[in-house]
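Structural description and commentary
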Amino acid sequence: ASTDPGESDLHISWREAGRRTASDVIALDGIVAIVAPDNPSTSVTSEALQLYLSGKLSEWPGLNAPIRIHLPDNFLGASVTDLPFWSAPFRLANNSLRHSDFDALADAVTQDPNALGLTLLTRIGSSAPLVLTGSCGRALPATRAHIKSEDYPLTRAVYLNRMSARLPKVMRDFVAYTRSREAQSVVRRAGFVDQAVGRIPFAAQGDRLANAVLKAGENADDQAEMRRMIRTLVDGERLTLTFRFEDGSSDLDGPSRSNIQRLADAIDDGAFDGQELAFVGFSDGLGPSDGNLRLSQRRAKRVYDAVAAKTVGAPVTFAIDGFGEAMPMACDDTAWGRQVNRRVEVWLRQSKPSD
């Protein structure tokens, strides 16, 4: 394996090498904005963050203090301005301070009360992360659980790209090993967020359920759909695997294609024997609600079809459902917010007794 795709059969990268190349996601991390621990700010909107980084806003609100920007020299193989969540292209402020090392960046921000930095969740050191919010007020903090489920909008994947159609056996064995529990333990020890399949109980869904309640508002139809969703999920546990689709496409994105195999492997290993896996689709809020409901159900079936094809005869049962725009994760006013909302979750439930 190598970090140079021109010299290797296997290539580890922060980018998927392309649809002609087979790829597996072997680890995850998240991009976060950080400040000094004594900075009173606790959150920032994506729009304000872009204005700070470009120098168009140069003082902390209410503090009359200049903002000093701290950035890595190279951010996961891309410049900061190339990251996928900005509303438009922009230039960085000329006075931004650059760091060749993430740990040095976190230390500098920790010691500078007026600093604002961008780094990785696993490299924040003693600095304080800001919660990224949208104009609608919805937000999820950058936690390992939210990154593992890819709910946090600025999740980044580490790809293992197979550059050759036919690999030697030792490399095929290594690719298989990267999907194992043992390999994911190595990922955790290396400081990244692993992809071992975890379970999130319904009782831990507070932030997401609050979004559902706010979305339903006073609309009777939306309230009825929210109640149907709660009745469906209340006795289950959400798996940390989430499936999302490429923008403007019915094709699964790179991490989701990798998750198909990861879920199939867990089923084959007997992790869910005798239980039911429910594929539950959600949509963004654009378009009519009845159309979004049907779309969320079709996407749930698409993921089910892909998993079922790899697990024929497994002692599990499957269910398919969709709730449209009933439980948004982010605001719909940005492309990355809509991308986060368009998803298929997998819920583990006790199998219903047969008649």
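These notes cover the structure that comes with them. (Residues numbered from 1 in each chain as written. Predicted model: local features only at pLDDT ≥ 70, side-chain atom pairs only at ≥ 80, totals over all residues. Heavy atoms only, no water.)

**Some points on the packing of helix α8 (residues 254-268) against helix α9 (residues 289-310)**
- Relative orientation of the contacting elements α8 and α9 amounts to 45°, with a least axis distance of 9 Å. Put simply, α8 runs oblique to α9. Judged by the sense of rotation from one axis to the other, the crossing of α8 with α9 is right-handed. For the pair α8 and α9, the contacting residues are Ile260, Gln261, Leu263, Ala264, Ile267 and Asp268 in the first and Val303, Ala306, Val307 and Lys310 in the second. (Axes fitted to C-alpha atoms, helices over the stretch in contact; angles between N-to-C directions. Helix = DSSP H or I, 4+ residues; strand = E, 2+ residues; numbered from the N terminus. Parallel < 35°, antiparallel > 145°, perpendicular 65-115°, else oblique. Left-handed = near helix turned anticlockwise from the far one by under 90°. Contact = heavy atoms within 4.5 Å.)

**So, the packing of aromatic side chains**
- What the rule picks out here adds up to 7 aromatic pairs.
- Residues Phe279 and Phe318 carry aromatic rings whose centres are separated by 5.8 Å and whose planes lie at 35° to one another, so their mutual orientation is tilted. Here Phe279, found in strand β14 (residues 275-282), pairs with Phe318, found in strand β15 (residues 317-322); they are 39 residues apart in sequence, far enough to count as distant.
- A residue is classified by how much of its surface remains accessible, and Phe318, at 25% relative accessible area, is partly exposed.
- The ring of Phe245 has Arg299 lying over it, and the distance from NZ or CZ to the ring centre is 4.8 Å. (Phe/Tyr/Trp six-rings, centres within 6.5 Å; stacked < 30°, edge-to-face > 60°. Buried < 20%, exposed > 50% of the residue type's maximum accessible area, 1.4 Å probe, protein only. Lys NZ or Arg CZ within 6 Å of the ring centre and 35° of its normal.)

**Points about the pattern of salt bridges**
- As enumerated under the stated definition, the model contains 23 salt bridges in all.
- For Lys148, the salt bridge is made with Asp194, and the minimal N-O distance between the two is 3.1 Å. Of this pair, Lys148 sits in helix α3 (residues 144-148) while Asp194 sits in the loop between α5 (181-189) and β12 (199-201), placing them 46 residues apart in sequence.
- We classify Asp194 as buried; its relative accessible area is 5%.
- Salt-bridge contacts for Arg188 lead to Asp194; the nearest nitrogen and oxygen are separated by 3.3 Å.
- The network of salt bridges with shared partners includes Asp151, Arg208, Arg238, Arg244, Arg343 and Glu345. (Salt bridge = Lys/Arg side-chain N within 4 Å of Asp/Glu carboxyl O.)

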